[in-house]
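Geometric and topological summary
Given next are the chains, with one letter for each unit.
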Amino acid sequence: MTNAQKGKGPSLGIDWYPQSLPGGTQTEMLTLRTADGAAVLGTLYTLGRPRNVACLMHPREYFGAHYLVPSLLESGMAVWTQGARSVGNDLRLEHEQAVIDAATGIQFLREREFEKIVLIGNSGGSGVYSYYIQQSVLEPDQRLAKSPVGKTTRFESISMPQVDGMVYLAPHPGQGRLLMGCIDPSVSNENDALSVDPQLDPFNPDNGYVAEPGQSRYSTDFIQRYRDAQRLRVERIDAVAHGLIARRQAARRQVKEGAIDRGLRLQAAHTPIITVWRTDADLRCLDLSLDPSDRSPGSIWGNDPLVSNYGAVGFGRLCSPESWLSSWSGVSSQAALEKTAPAVRVPTLLVEYTGDQTTFPLQIEEIFSWIGASDKQHVRVPGDHHGRPFAGNELSGRIAAAGQITDWLASRSFV
């Protein structure tokens, strides 16, 4: 019995509800070894003998049962769903490694002799796939040599096959840029989760907060001060991350040079963890008059941002200094669409959900303007960030998005 038959609402996950795999689907689960020795998991779905393949990947989540898979298979595409080495682990998520993971999957598909490869960047997948395309179109010696952390990327020595098409589905501008839009700048002490600067507090009635969901109203002056302070907080955390890395590297150099002090040896071995409290405070989730859309009050983390902002979950809550700088810093990360999307020149489709609670209409327009392709199209379908309907009896946004994507694939001769 399906969820619909039981009378339950749509799935909360990124699975293929309300569809299921077509009969006759062949499923091949694989473990691939990356050029730098990591293991990544992937699943290849085929129905019949498809010539071309669509790819789905996210740096933090595994898309093995992504809701687009059934429709893509029925359209005539093979589907490759891949995990990164950091799935479910923000602590170690570095986008440069995720790009290598993506390259490993795409190289595998070229070796399987698929004629055309289309990348589908859903949510955070848009950041890693755009970053991949940006680097893949460069000559190896022109690719980014160092990550924001200062590590060698190894991009120049790995195979990065070029792809033939790109689909952005509910994209955001990159995990760092996303976090910079929702981080709470009123935190006055990073070591105290409850510290508050009242002049920047989005939940202070004096600044325009109203407890009724969606009814807060913030002045232009407060919004500007808030945005400026968000960037300053990110820059302060950047400085902490750089300092922690520098201290560890200095200790390692001294140990390598023969130092035997136990404290130095421990410092050289230790990987510190940064706790970033209160990262669910985007003013647009509290004040629905800002960049209005079909979205509901609240964020993807909950209906009441005051609760979710002070809670345990949230973007970038726990990370190493390396993962902060590479992925979560809106200042330092290279995986920002503003930096990478201009290099996307293959035919491109952007699908926007009109009730998305992470990326709003003006930001979507900006993302679309960054895309370098001359052949690009932007369509809007009803749904929240995960394509769920606004009301139980409405057509799932997932079905509508799948229809737009498969029609576009057909119009560009991918199926």
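1. Some words on the overall build of the protein
Tallying secondary structure elements over the protein gives 13 helices and 10 strands in all. Relative to the globule expectation of 22 Å for 415 residues, the C-alpha radius of gyration of the protein, 22 Å, shows essentially globular dimensions. Relative to its full complement of 415 residues, the protein shows a buried share of 55%. As displayed, the protein has an accessible area near 17,400 Å², and 50% of this comes from carbon and sulfur atoms. Taking the 40 positively charged and 45 negatively charged side chains of the protein as two groups, their mean positions are separated by 6 Å.

2. Remarks on the packing of helix α6 (residues 220-256) against helix α10 (residues 321-328)
Contact geometry of α6 with α10 gives a least axis separation of 8 Å together with a crossing angle of 140°. When the axes of α6 and α10 are compared, the pair comes out oblique. Both α6 and α10 take part in a crossing whose hand is left-handed. Residues V234, I237, D238, A241, H242, L244, I245 and R248 of α6 form the contact with α10, whose own contacting residues are P321, E322, W324 and L325. For the contact of α6 with α10, the per-class residue count stands at 8 nonpolar, 1 polar and 3 charged.

3. A look at the side chain of Q357
Its place among the elements puts Q357 in the loop between β9 (348-353) and α12 (361-370). With a relative accessible area of 14%, Q357 lands in the buried category. If near-sequence neighbours (up to four positions away) are discounted, Q357 is found in contact with C285, R295, S296, P297, G298, S299, I300 and H385.

4. Topic: the pattern of salt bridges
Counted according to the given criterion, the structure contains 18 salt bridges. Across the salt bridge formed by E190 and R233, the nearest N and O atoms sit 2.7 Å from each other. Residue E190 is located in the loop between α5 (175-182) and α6, and its partner R233 is located in helix α6; the two are separated by 43 residues in the primary sequence. One salt bridge in this structure joins E235 and R231, with 3.2 Å as the shortest N-O distance.

5. Observations concerning the pairing of strand β5 (residues 117-122)
Taking burial as the measure, the 6 residues of β5 include 6 buried ones, the bulk of the element. Judged by which residues are buried, β5 turns out to be covered on both faces: I117, L119 and G121 on one side and V118, I120 and N122 on the other are all buried. Here 4 bridges tie strand β3 (residues 53-58) to β5, and the two strands are oriented parallel to one another. Its bridge partner being in β5, C55 is matched across the sheet by L119. With 5 bridges connecting them, β5 and strand β6 (residues 165-169) associate as parallel partners.

6. Details of the sheet that holds strand β2 (residues 39-46)
Pairing is mixed across the open sheet formed by 8 strands, whose spatial order is β1-β2-β4-β3-β5-β6-β9-β10. Since the sheet does not close on itself, it has two edges, and those belong to β1 (26-33) and β10 (376-381), each with one partner. Here the strands of the sheet are splayed against their neighbours by 20° on average, with no regard to which way each runs. Of the pairings in the sheet, the one linking β1 to β2 comprises 8 bridges and is antiparallel in character. When the bridges of β2 are listed, R33 appears paired with A39. Helix α4 (residues 125-136) contacts β3, β5 and β6 of the sheet and is inclined by roughly 140° relative to β5. In the packing of α12 onto the sheet, contacts are made with β9 and β10, and the angle to β10 comes to roughly 160°.

7. Notes on unusual backbone geometry
With a phi angle near 70°, E113 is a residue other than glycine that sits in the positive phi range. What makes E113 exposed here is its relative accessible area of 67%. Residues other than glycine seldom take positive phi values, yet S413 does so here, at roughly 60°.

8. So, the packing of α5 against α6
Here α5 crosses α6 at 125°, and the two axes come no closer than 8 Å. Relative to α6, the element α5 lies oblique. In this structure, α5 crosses over α6, and the sense of that crossing is right-handed. Along the contact surface, α5 presents M180, G181 and C182, while α6 presents R227, Q230, R231 and V234. Partitioned by chemical class, the residues of the contact of α5 with α6 number 3 nonpolar, 2 polar and 2 charged.

9. Examining the nonpolar core
With 44 residues, the main nonpolar core has W80, L109, L119 and Y132 as its most contacted residues. The biggest single contributor to this core is helix α3 (residues 95-111), with 8 residues. Every residue in contact with Y132, bar those within four places of it in the chain, is listed here: V99, A102, A103, I106, L119, M160, P161 and V163. In terms of nonpolar packing, the next biggest core, distinct from the first, is built from 28 residues, Y67, L68, V381 and W408 among them.

10. So, α4
Helix length check: α4, at 12 residues, gives a terminal C-alpha distance of 16 Å against a target of 16 Å (1.5 Å per residue), a fit within 8%. Here α4 lies mainly inside the structure; 12 of its 12 residues are buried. Every buried residue of α4 is accounted for by G125, S126, G127, V128, Y129, S130, Y131, Y132, I133, Q134, Q135 and S136. If you follow the buried residues of α4, they end up packed against β3, α3, β5, β6 and α11 (337-340).

Calculation rules
Residues numbered from 1 in each chain as written. Predicted model: local features only at pLDDT ≥ 70, side-chain atom pairs only at ≥ 80, totals over all residues. Heavy atoms only, no water. Helix = DSSP H or I, 4+ residues; strand = E, 2+ residues; numbered from the N terminus. Rg over C-alpha atoms; globule rule 2.2 N^0.38 Å. Buried < 20%, exposed > 50% of the residue type's maximum accessible area, 1.4 Å probe, protein only. Areas by Shrake-Rupley, 256 points an atom, 1.4 Å probe, with all protein chains shown as cover. Lys, Arg positive; Asp, Glu negative; His and termini not counted. Charge placed at Lys NZ, Arg CZ, Asp CG, Glu CD. Axes fitted to C-alpha atoms, helices over the stretch in contact; angles between N-to-C directions. Parallel < 35°, antiparallel > 145°, perpendicular 65-115°, else oblique. Left-handed = near helix turned anticlockwise from the far one by under 90°. Contact = heavy atoms within 4.5 Å. Nonpolar A, V, L, I, M, F, W, Y, C, P; charged D, E, K, R; others polar. Salt bridge = Lys/Arg side-chain N within 4 Å of Asp/Glu carboxyl O. Pairing = 2+ DSSP bridges. Core = buried A, V, L, I, M, F, W, Y, C linked by side-chain atoms within 4.5 Å. Expected span 1.5 Å × (residues − 1).

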